[in-house]
Amino acid sequence: MAPLDTSLIDTFHQDGFVVIEDFFDLNELDLFGSIVDRAVERRVGSDALPMDSKSLYEQSFQQCMNLWEDNDDLKKLTFSQKLGETAGLLLGSDALRIWHDQALYKESGGRETDPHQDWPLWPMGPARQITAWIPFDGSTLTAGAMGYSPGSHRLGLAKFSDITREIRDQPYPYFDHSEMADVVWVEAPVGSVVFHHSLTVHQAKPNVTDRVRRVYCIIYFEDGCVRSRPFPHQSLDRQGTQEGEPIRGRVTPIAWPRPLDDFPESPLDLGSPPTTGFRG
Ligand SMILES: O=C(O)CCC(=O)C(=O)O
C-alpha cells in the first residue's frame, strides 16, 4: 500500500476522525455494496414493520452485525489489509482485531442517529478502537451524513448514551457546547472511508431522501484489550471471554496484519451472530 500521508494521521489525532478520499476503486466498492445488500436482505428482508412501529433505535438504521461470518465474499472487505493497515497507522497500533463488522442501512424516512461515544457501549478497555465507516453511495446532508464533535476524544469524556432507548433529538448533554467547536458534518464522496476514534462524539442526520443510505462499518480494537466490564456483549459472550481476560477468541480474530488472502474461519459453531440490532 502507498504510505499514508502523515497529515491524515495528524488530523485523526487532532479531530478524532478523518476522511480518506479515493480509498476504493468504484467497481470494487459496487461489488461489495451488492454483497452487503444481499446479506442485509437475508437478515432483515422479512421485516415489514412500518417505520412508526419500529423502536427508536431501528428508526435510525437497520443494523446487521458480524456479516463476515456467514458471507465468505465479505471476508475480503472486513479483513482487507489496506483498511486494516490504514486503521492501524491512524490509531498507532501494531496489530488490530475485529470487534465486529456491521451494515448500518438508514432507510428512507429513517431518523437521526443520536450523538454518542462508542467506547462506553463496549465492555472492553483501554479505549483503543477505531471504526472504518464505508458509505457505498457516498453520504450527503439529506441522506444520513455523519457529524463529529472535533477533538471530543481528547476531553477525557467517557459517557454511556443509551441510543437504543432514550428519546433525545437534542444536543449532546455531556459537554458544554459553548466551549466546543461546532459539529462537523461530513459529506463523504463515493469511494471514501471515514475513520473515527471510539471516544469521538458522533451522530448522523436523518435520511429524507427516497433511497436507503447504505453503509458498512468495520470496528477494530488494538490487540491486547481486555474485557473490562461484565455487561453482555455478543463479541465476548460467544467466545467465553471473562472480565479481565484479553480478548483473543475466534469471534474477534486478528484483522491486521495477516498474510494477503488468508481469512479466518467463521466461528459459527460458537452460536449465530445476532440477526439484527435491538428491538427495545
Ligand atoms: O451510521 C450511523 O448512522 C451511525 C454510525 C455510528 O454510530 C458508528 O459507526 O459508530
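Residues numbered from 1 in each chain as written. Predicted model: local features only at pLDDT ≥ 70, side-chain atom pairs only at ≥ 80, totals over all residues.

## Side note on the overall build of the protein
Then step 1. Scanning the protein from terminus to terminus reveals 7 helices and 13 strands.
Then step 2. Over its C-alpha atoms the protein spans a radius of gyration of 18 Å, differing by no more than 12% from the 19 Å that the globule rule assigns to 280 residues.
Then step 3. Along the first, second and third principal axes, the C-alpha set of the protein runs to 45 × 45 × 40 Å. (Helix = DSSP H or I, 4+ residues; strand = E, 2+ residues; numbered from the N terminus. Rg over C-alpha atoms; globule rule 2.2 N^0.38 Å.)

## Examining the site of the ligand
Then step 1. Phe-61, Leu-104, Lys-106, Thr-113, Asp-118, Thr-131, Trp-133, Gly-144, His-202, Ala-204, Val-215 and Cys-217 make up every residue found near the ligand.
Then step 2. Those elements giving two or more residues to the shell around the ligand turn out to be strand E3 (96–106), strand E6 (129–135), strand E10 (202–204) and strand E11 (213–222).
Then step 3. Partitioned by chemical class, the residues of the shell around the ligand number 6 nonpolar, 4 polar and 2 charged. (Near = placed C-beta within 6 Å. Nonpolar A, V, L, I, M, F, W, Y, C, P; charged D, E, K, R; others polar.)

## Remarks on the sheet that holds E10
Then step 1. Strand order in this open sheet of 4 strands is E4-E10-E7-E8, and the pairing throughout is antiparallel. If you trace the sheet from one side to the other, it starts and ends with strand E4 (113–116) and strand E8 (184–186), each paired once. Taking the axes of each pair of neighbouring strands and ignoring which way they run, one obtains an average angle of 20 degrees across the sheet.
Then step 2. Note that strand E7 (residues 146–148) and E8 share 3 bridges and pair antiparallel. Pairing of Gly-147 across the sheet is with Trp-185, part of E8. (Pairing = 2+ DSSP bridges. Axes fitted to C-alpha atoms, helices over the stretch in contact; angles between N-to-C directions.)

## Re the nonpolar core
Then step 1. Residues Ala-87, Ala-132, Val-194, Phe-195, Cys-217 and Tyr-220 are the most contacted members of the largest nonpolar core, which totals 60 residues.
Then step 2. Ignoring sequence-local partners within four residues, the contact set of Tyr-220 consists of Gly-84, Ala-87, Leu-96, Arg-97, Ile-98, Trp-99, Gln-129, Ile-130 and Ala-255. (Core = buried A, V, L, I, M, F, W, Y, C linked by C-beta atoms within 7 Å. Buried ≥ 20, exposed ≤ 12 C-beta atoms within 10 Å, placed from the backbone. Contact = placed C-beta atoms within 7 Å.)

## So, the pairing of E6
Then step 1. Among the 7 residues in E6, 7 count as buried, and that is most of the element.
Then step 2. Relative to strand E9 (residues 193–197), E6 runs antiparallel, the two being bridged by 4 bridges. Within E9, the residue paired with Thr-131 across the bridge is His-196.

## Focus on the environment of Thr-113
Then step 1. One can find Thr-113 in strand E4.
Then step 2. You can call Thr-113 buried: it has 21 C-beta atoms within 10 Å.
Then step 3. In the structure, Thr-113 is positioned 77 residues away from Val-190 in sequence and 21 Å away in space, judged by C-alpha atoms.
Then step 4. Here Thr-113 is in contact with Ser-60, Phe-61, Gln-203 and Ala-204, once residues within four sequence places are set aside.

## Comments concerning the pairing of E11
Then step 1. Buried residues dominate E11, accounting for 10 of its 10 residues.
Then step 2. Where burial is concerned, the two faces of E11 agree: the one with Arg-213, Val-215, Cys-217, Ile-219 and Phe-221 and the one with Arg-214, Tyr-216, Ile-218, Tyr-220 and Glu-222 are both buried.
Then step 3. Where E3 lies against E11, 10 bridges are found, and the strand directions are antiparallel. Residue pairing for E11: Gln-102 is matched across the bridge by Cys-217.
Then step 4. The pairing of E6 with E11 spans 7 bridges and is antiparallel. Residue pairing across strands places Trp-133 opposite Cys-217, the latter belonging to E11.

## Here we look at unusual backbone geometry
Then step 1. Cis geometry marks the peptide bond from Gly-125 to Pro-126, where omega comes out at -5 degrees.
Then step 2. With a phi angle near 50 degrees, Asp-22 is a residue other than glycine that sits in the positive phi range.
Then step 3. Tracing the chain through its elements places Asp-22 in the loop between strand E1 (17–20) and helix H2 (26–44).
Then step 4. One non-glycine residue, Asn-66, adopts positive backbone phi at about 55 degrees.
Then step 5. For Asn-66, the location among the structural elements is in the loop between strand E2 (62–65) and helix H4 (67–70).

## Structural notes on helix H6 (residues 81–91)
Then step 1. For H6, the full list of buried residues reads Leu-83, Gly-84, Thr-86, Ala-87, Gly-88, Leu-90 and Leu-91.
Then step 2. Downstream of H6 by one or two residues, Gly-92 has phi in the positive range, about 80 degrees.

## Observations concerning H2
Then step 1. With 19 residues, H2 extends 26 Å from end C-alpha to end C-alpha; this agrees with the ideal 27 Å at 1.5 Å per step.
Then step 2. Looking at the buried residues of H2, the elements they touch are E2, H4, helix H5 (75–78), E3 and E11. (Expected span 1.5 Å × (residues − 1).)

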